[in-house]
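Examination of the molecular architecture
What follows is the residue order along each chain.
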Amino acid sequence: MNDSFHVYDTTLRDGAQQEGLALSVADKLVIARQLDGLGVGFIEGGWPGAIPKDTEFFERARTELDLKHAQLAAFGMTRRADLAAADDPQVAALRDSLAPVVTLVAKAHDRHVELALRTTLDECLAMVRDTVEHLVSEGRRVFVDAEHFFNGYQDNPAYALEFVRTAAEAGASLVALCDTNGGMLPSELGDVVHTVIERTGARVGIHCHDDSGCAVANSLIAIEAGATHVQGAANGYGERTGNANLFTIVANLQLKKNLHVVPDDSLAEMTRIAHAISEVTNIAPHTKQPYVGFSAFAHKAGIHASAVKADPMLYQHIDPEVVGNDMRMLVSEMAGRASIELKGRELGYDLSGDRDALSRITEKVKVLEAQGHSFEAADASFELLILDELKGEESQRFFDVESWRVIVEQRQDGSHMSEATVKLHARGERIISVGEGNGPVNALDTALRNAIGQIYPELAELELRDYKVRILEGDHGSSSRTRVLVTTTDGRDEWATVGVQENIVAASWNAIVEAVTYGLLKLEG
Ligand SMILES: CC(=O)SCCNC(=O)CCNC(=O)[C@H](O)C(C)(C)COP(=O)(O)OP(=O)(O)OC[C@H]1O[C@@H](n2cnc3c(N)ncnc32)[C@H](O)[C@@H]1OP(=O)(O)O
Ligand SMILES: CC(=O)C(=O)O
């Protein structure tokens, strides 16, 4: 571990303070392994003694975690006022967690000492001193989180500075200055960090919250001002608007500030790690998250695509591969020929030599988007459109639909049932099939699959995974156009198709027919 600069992760403690986030001990162990894979120096596991799951986490970590890079830190408060550190059960729990590092939180803002702790500034400093000395004498490395440091410094700089000196003199390896309320702006925060280092000589870290939207910027400016330890949480998790996003900080330091804070090959795993952690937290990944978001390198505007075709770096601040992400082209009404060419390449079609086909596809996309289609989230429909242009519609028709109909029935017990009939022609046969379902779309899907399943039994593998409806032109009420997006899977891959019609069932039918056509094309190889 590089001790001259620390990346300290607080996902399992401060990140877990996020509304809607509840981690089991098993979840915490999985996340710790992912963070260790990223190469962070410290993982704050939680607050043993205060939260039973966190006590268990540290117990299980001893046998179940084999960390390669990180050391575990146990978080907790200093001794209570008027209690010896050695006699305080909370302090004992930190010691007994056997974590090599203990991070103590203490109040660096005089107003908090008076109103929340209801003690004197001298007693609060003594609480810091005694607890640090006790834990250091027990062989622990101690970090101190100076809670509300920046607001404290604004109100009473003498006390805030004395707080830092006291912690350092007692043996704390560093004092992390916390923007607990998250309201600081970069220039002011940077000046304070600089002054603290100059006036105390202590090793200083930074811990920021994002209430002013500046947590990452504040962390970076603190590091420029001399902080050598940065705290943050995966995906920016945390109470209120969250903690500083550790992934953004790490990528910025490594790629923009030339600070080698994690191994290069681990940085290339960052997108995967960010998404793996989202899976565990069960919080959908933030698509616009810098560096690791699904949209972080997605290009939509035609002008951008035409420049990206010449050199992707004309519209990207880094090569996405460095952080394990991908560049993506989005096809929409904003596409130009370059967007279509690049998207085609992404899907495995070389359209570069066929300017006419590119123009026709671009035009078709614009017309269909104007009618309500959205190809951005329906790659499979776009691919069928390319194939129509390249091979002709006939070549990819596995079946011709003669007609379909569906009824919805409410029964005496209040339950609903739908029944669909589909008539189609495939391989020279006329097939009539019926399907039942809990709704009209389900019934139609079943009827279609029953019909062509007789000829293409492979179709049994396909499954409707997701179904989204959007009413377009809302001012027309029930006569508005409807866009349906359907996601289908064959158990290995997923693909999305789109259907647009005035009638919601017809829109769904179109999306399903495209989904099945695409599925058959895939199965055909
Ligand atoms: C900025 C941050 O995010 S800090 C981390 C905050 N995280 C958490 O609070 C999560 C875990 N917390 C808990 O489980 C509980 O709050 C506990 C176990 C710590 C304390 O629970 P309780 O004893 O019931 O006290 P309660 O939560 O009501 O109040 C906190 C007490 O700690 C005291 N306290 C707060 N900060 C500190 C500190 N840094 N050092 C010493 N005492 C402190 C308060 O004065 C208050 O004392 P009181 O009980 O005499 O009024
Ligand atoms: C310690 C901490 O989480 C804070 O002050 O924000």
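Every chain begins its residue count from 1, and numbering advances along the sequence as written. For this description, chains carry letters from A and ligands carry numbers from 1, given in the order in which they are written. Given that the model is predicted, a residue must reach a pLDDT of at least 70 before its local features are reported, and side-chain atom pairs must reach 80 or more before they are shown or counted; all residues, however, enter totals for whole chains, interfaces and linings. The side-chain numbers reported here are obtained from all heavy atoms of the structure, hydrogens and water having been left aside.

1. Concerning the overall build of the protein
Looking only at helices and strands, one finds 18 helices and 16 strands in the protein. Counting only C-alpha atoms, the protein reaches 90 × 60 × 45 Å along its principal axes. Exposure categories follow from relative accessible area, calculated using a 1.4 Å probe and restricted to protein chains: below 20% of the type maximum is buried, above 50% is exposed, and the middle band is partly exposed. Within the span of the protein, comprising 525 residues, buried residues form 52% of the whole. In what follows, residue pairs with any heavy atoms lying within 4.5 Å of each other are defined as contacts. Sequence separation of at least 24 residues holds for 65% of the intrachain contacts in the protein that already meet a minimum separation of 6. Across the protein, the mean location of the 49 positive side-chain charges is 2 Å away from that of the 79 negative side-chain charges. The helix and strand labels rest on DSSP assignments: H or I over at least four residues marks a helix, E over at least two residues marks a strand, and numbering proceeds from the N terminus. When charges are tallied, Lys and Arg are placed among the positive residues and Asp and Glu among the negative ones, while His and the ends of the chain are skipped. One atom stands in for each charge, and that atom is NZ of Lys, CZ of Arg, CG of Asp or CD of Glu.

2. Re the site of ligand 2
We call a residue near a molecule or strand whenever a single non-hydrogen atom of that residue lies within 4 Å of it. By nearness alone, every residue bordering ligand 2 is listed as Arg13, Asp14, Val105, Asp145, Glu147, Cys178, Thr180, His207 and His209. Under the rule applied, a polar contact is a pair of N or O atoms within 3.5 Å (in protein, one hydrogen donor and one hydrogen acceptor; residues adjacent in sequence only if both atoms are side-chain atoms). Within the contact set of ligand 2, an oxygen atom lies 2.9 Å away from a side-chain nitrogen or oxygen of Asp14. The separation between an oxygen atom of ligand 2 and a polar side-chain atom of Thr180 is 2.7 Å. Areas reported here follow the Shrake-Rupley algorithm with a probe of radius 1.4 Å; residue values treat only the protein chains shown as occluding. Relative to its unbound accessible area of 210 Å², ligand 2 is 94% covered by the protein chains. For the shell around ligand 2, the residue count by class is two nonpolar, three polar and four charged. We call Asp, Glu, Lys and Arg charged. Ala, Val, Leu, Ile, Met, Phe, Trp, Tyr, Cys and Pro are nonpolar, and the rest, Gly among them, are polar.

3. Description of the packing of aromatic side chains
Only Phe, Tyr and Trp rings take part, Trp by its six-membered ring, and two of them pair if their centres are within 6.5 Å. Stacked means planes under 30 degrees apart, edge-to-face means over 60, and tilted covers everything else. Per the stated rule, a full pass over the model turns up 12 aromatic pairs. Between Phe42 and Phe143, the ring centres sit 5.2 Å apart and the planes meet at 80 degrees, which makes this aromatic pair edge-to-face. Separated by 101 residues along the polypeptide, Phe42 in strand S2 (residues 42-46) and Phe143 in strand S5 (residues 141-147) bring together distant segments of the chain. Note on accessibility: Phe42 and Phe143 belong to one class, buried. Here the aromatic rings of Trp47 and Phe75 are separated by 5.4 Å at their centres, their planes lie at 80 degrees, and the arrangement is edge-to-face. Taken as a pair, Trp47 in the loop between S2 and helix H2 (52-64) and Phe75 in strand S3 (residues 71-77) lie far apart in primary sequence, 28 residues in all. Looking at Phe75, the relative accessible area reads 4%, which means it is buried. In this structure an aromatic cluster arises from ring pairing among Tyr8, Phe42 and Phe143. Consider the ring centre and the ring normal. A charge sits over the ring if Lys NZ or Arg CZ is within 6 Å of that centre and within 35 degrees of that normal. Against the face of Phe75 rests Arg13, its NZ or CZ located 3.6 Å from the ring centre. Sitting over the face of the ring of Phe294, Arg328 holds its NZ or CZ atom 3.7 Å from the ring centroid.

4. Describing the site of ligand 1
Taken together, the neighbourhood of ligand 1 is formed by 21 residues, with Thr78, Arg80, Val105, Ala116 and Arg118 sitting nearest. For ligand 1, a nitrogen atom lies 3.0 Å from a polar atom in the side chain of Thr78. Side-chain polar atom of Arg118 to an oxygen atom of ligand 1: 2.9 Å apart, as the coordinates give it. Burial of ligand 1 by the protein amounts to 59% of the accessible area it has alone, namely 1,000 Å². For the shell around ligand 1, the elements supplying multiple residues, two or more each, are S3, strand S4 (101-107) and helix H4 (110-117). The element contributing the most residues to the shell around ligand 1 is S4, with three residues.

5. Remarks on the UniProt feature "domain: Pyruvate carboxyltransferase" (unreviewed entry) in the protein
Cross-referencing UniProt, the feature "domain: Pyruvate carboxyltransferase" (unreviewed entry) maps to residues 5-268 in the present numbering. Structurally, residues 5-268 comprises 46% helix and 17% strand, and the distance from its first C-alpha atom to its last is 20 Å. UniProt positions are given in the numbering used here, feature names are shortened, and annotations may be inferred rather than shown by experiment.

6. Brief notes about the nonpolar core
Note on terminology: a nonpolar core comprises buried Ala, Val, Leu, Ile, Met, Phe, Trp, Tyr and Cys residues joined through side-chain atoms within 4.5 Å. Counting residues in each nonpolar core, the largest one holds 86 residues, and the members touching the most others are Phe149, Phe163 and Met270. In terms of residue count, helix H7 (residues 157-170) provides more of this core than any other element does, seven residues in total. Shared between two domains, this core holds at least three residues of each, these being domain 1 (6-281) and domain 2 (297-331). Contacts of Phe149, omitting those with residues within four sequence positions, involve Ala108, Ala160, Val164, Leu177, Cys178, Val192 and Val196. Note that the domain bounds were set by an automatic or database domain assignment.

7. Thoughts on the sheet that holds strand S1 (residues 6-9)
Between any two strands, pairing holds if DSSP finds at least two bridges. Here eight strands make up a closed barrel; going around it, the order is S1-S2-S3-S4-S5-S6-S7-S8 and the pairing parallel. Geometrically, the sheet is characterised by an average inter-axis angle of 25 degrees between neighbouring strands, direction not taken into account. Where strand S7 (residues 204-208) and strand S8 (residues 229-232) come together, two bridges link them in parallel fashion. Its bridge partner lying in S8, His207 is registered against Gln231. Every axis corresponds to a line fitted to the C-alpha atoms, with the helix fit spanning only the stretch in contact, and the corresponding angles, defined between N-to-C directions, vary from 0 to 180 degrees. Across the sheet, H7 lies against S4, S5 and strand S6 (174-179), angled at about 145 degrees from S6, the strand it touches most.

8. Re the packing of helix H10 (residues 246-256) against helix H12 (residues 270-281)
Relative orientation of the contacting elements H10 and H12 amounts to 170 degrees, with a least axis distance of 11 Å. Here H10 is positioned roughly antiparallel relative to H12, judged by the angle of their axes. The residues of H12 that touch H10, namely those facing Phe247, Val250 and Ala251, are Met270, Ile273, Ala274 and Ile277. Partitioned by chemical class, the residues of the contact of H10 with H12 number seven nonpolar, no polar and no charged. Orientation categories follow fixed angle ranges, with anything under 35 degrees roughly parallel, anything over 145 roughly antiparallel, 65 to 115 roughly perpendicular, and all other angles oblique.

9. What to know about the domain arrangement of the protein
Taken as a whole, the protein is organised into domain 1 (6-281) and domain 2 (297-331). A straight line from the C-alpha centre of domain 1 to that of domain 2 covers 36 Å. Across the boundary between the two partners, domain 1 contributes seven residues, which contact seven residues of domain 2. Taken as a group, Leu255, Lys256 and Thr271 account for 65% of the area that domain 1 buries against domain 2, more than any other trio of residues on that side. In the sections that follow, a salt bridge refers to a side-chain nitrogen of Lys or Arg positioned within 4 Å of a carboxyl oxygen of Asp or Glu. Applying the counting rule to domain 1 against domain 2 returns zero salt bridges. Remark: the boundary between domain 1 and domain 2 carries five residue pairs in polar contact (both at pLDDT 80 or more). Elements with a contribution of two residues or more to the side of domain 1 that touches domain 2: H10 and H12. With three residues, H10 is the largest single contributor of residues to the side of domain 1 that touches domain 2. Throughout, the accessible surface (probe 1.4 Å) given up by two parts as they are put together, summed over both, is called the buried area.

10. A look at empty space enclosed by the protein
Residues are called lining when one of their atoms sits within 4 Å of a cavity or pocket point, these points coming from a 1 Å grid over the protein atoms alone, where a cavity is a set in which a 1.4 Å probe fits but cannot get out and a pocket is an open set with protein on both sides within 12 Å along at least five of seven lines. Grid points are joined across faces, edges and corners, and a volume is the space filled by probe spheres set on the points. Throughout the structure, instances matching the rule amount to one cavity of 30 Å³ or more. Its volume calculated, the largest cavity comes out at about 50 Å³. Along the walls of the largest cavity sit Asp445, Arg449, Leu462, Glu463, Leu464, Thr488, Ile512, Ala515 and Val516, which together make up its complete lining. Every element with two or more residues in the lining of the largest cavity is listed here: helix H17 (440-453), strand S14 (463-471) and helix H18 (504-524). Of all the elements, H18 adds the most residues to the lining of the largest cavity, at three residues. Within the lining of the largest cavity, the residues separate by chemical class into five nonpolar, one polar and three charged.

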